[in-house]
Amino acid sequence: LGIKKITVSSLKMAEYFSAQWDDITVAFPVNIREIKTINTLLSSITLNLLLESVFVLKFLEKNLTNKANVLLKLDAGYGRSGINIENLEEVNKIIEHSKKMKNLTLAGFLIHNGHTYSSRSIDDILSIHSKSMKKINFFHQKIVDNSNYVISIGDTPSCSVINNYEKTIHEIRPGNLVFYDLAQWQIGSCKIEDIAIRMVCPVVSIHSDRNEAVIYGGAIHFSKDFIKINKNKVFGYVYSSGSDIWSDNKSIGYLKLVSQEHGIVKFYKIPERLHEGNLLSIIPVHSCLNANLMKKYLTDDGKIIEMMKD
């Protein structure tokens, strides 16, 4: 599809994907204790590392055995990690230090507007994106103009609803755009029919008196992330599986509770012919955690894709 570079969230992922990709950005602040892995990867691929301090910059310069690109992490309102995008003094200090480095190239600036995840509508997403862009455009004017620095942004909600980006943005990194999930649907990033992942779980016991069933699918499969719908905790939307898990678009219930191995399904009306051993198709709340927990995918044409091993 013309995509030549990818973003991952750990060096472990970078190792996994380095067999197929030779330009990888690790969108997580450098853990200097992983310097050995960083050097191994740099011997075979272009690795773009994330940092937010002069200390880490100096550490990398001293300990890298190959040249690397670094991106300065900026915070445009999320409040998780990164230098405040309005703190131009601190940014300039790191830029000046980077110019003295031989093994490092400051390639640009990376921003994750993760506060869009608090949205509950497209208007909310657009409002947060607009406020962030005002800060980014000011930053571009003061720092990036007349330079080769790249500005990289990435959050699935805004990348899902913004069709045209301003010239100040050079790349986007929408991590959950591949699958989506119920959390993204609730935010306004997608429609239910856009969600391209399911967990298929067997029924192990049925409780008709309370319109519920127990499945083999608990916290170690789904995580404990949930959304609230009509004051109910929802850990997943439940569908009958049939021969084609994608054909049935009408939910028959929801996953109301998960413990370690158990999942409790609450049906709107319990299916008449439901029995132990039936499979239920479930749209998860957070596909990223789901995928990481399960360690493999079964494609709709019957192929198994193995994921990273612990």
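What counts, and where the lines are drawn
- Residues numbered from 1 in each chain as written.
- Predicted model: local features only at pLDDT ≥ 70, side-chain atom pairs only at ≥ 80, totals over all residues.
- Heavy atoms only, no water.
- Helix = DSSP H or I, 4+ residues; strand = E, 2+ residues; numbered from the N terminus.
- Buried < 20%, exposed > 50% of the residue type's maximum accessible area, 1.4 Å probe, protein only.
- Contact = heavy atoms within 4.5 Å.
- Areas by Shrake-Rupley, 256 points an atom, 1.4 Å probe, with all protein chains shown as cover.
- Phe/Tyr/Trp six-rings, centres within 6.5 Å; stacked < 30°, edge-to-face > 60°.
- Core = buried A, V, L, I, M, F, W, Y, C linked by side-chain atoms within 4.5 Å.

Caption draft 1: Quick peek at the overall build of the protein. The helix and strand inventory of the protein stands at nine helices and 18 strands. Dimensions of the protein, computed from C-alpha atoms along their principal axes, come out at roughly 70 × 40 × 35 Å. Of all 310 residues assigned to the protein, the portion counted as buried reaches 45%. Restricting to contacts in the protein with at least 6 residues of sequence separation, those with at least 24 account for 57%. Roughly 16900 Å² of accessible area belongs to the protein as shown, and the carbon and sulfur atoms make up 51% of that amount.

Caption draft 2: Spotlight on the packing of aromatic side chains. Inspection of the entire model under this criterion finds seven aromatic pairs. Relative to Tyr-149, the ring of Phe-109 lies with its centre 5.3 Å away and its plane at 70 degrees, an arrangement referred to as edge-to-face. With a gap of 40 residues between them, Phe-109 in strand S6 (residues 104-111) and Tyr-149 in the loop between helix H5 (122-144) and strand S7 (150-153) connect regions that are remote in the sequence. Residue Phe-109 is classed as buried on the basis of its relative accessible area of 0%. On the accessibility criterion, Tyr-149 (15% relative accessible area) is buried. Between Phe-226 and Phe-235, the aromatic rings sit 5.6 Å apart at their centres with planes inclined by 55 degrees, giving tilted as the arrangement. Of the aromatic side chains, those joined through ring pairs into one cluster are Phe-109, Phe-139 and Tyr-149.

Caption draft 3: Spotlight on the nonpolar core. By size, the foremost hydrophobic cluster in this structure holds 45 residues, and its most contacted members are Leu-47, Leu-60, Phe-109 and Phe-139. If one sorts the elements of this core by residue count, H5 sits on top with five residues. Formed by 18 residues, the second largest nonpolar core is a distinct cluster that contains Met-199, Val-203, Ala-213 and Leu-280.

Structural measurements only, silent on function.
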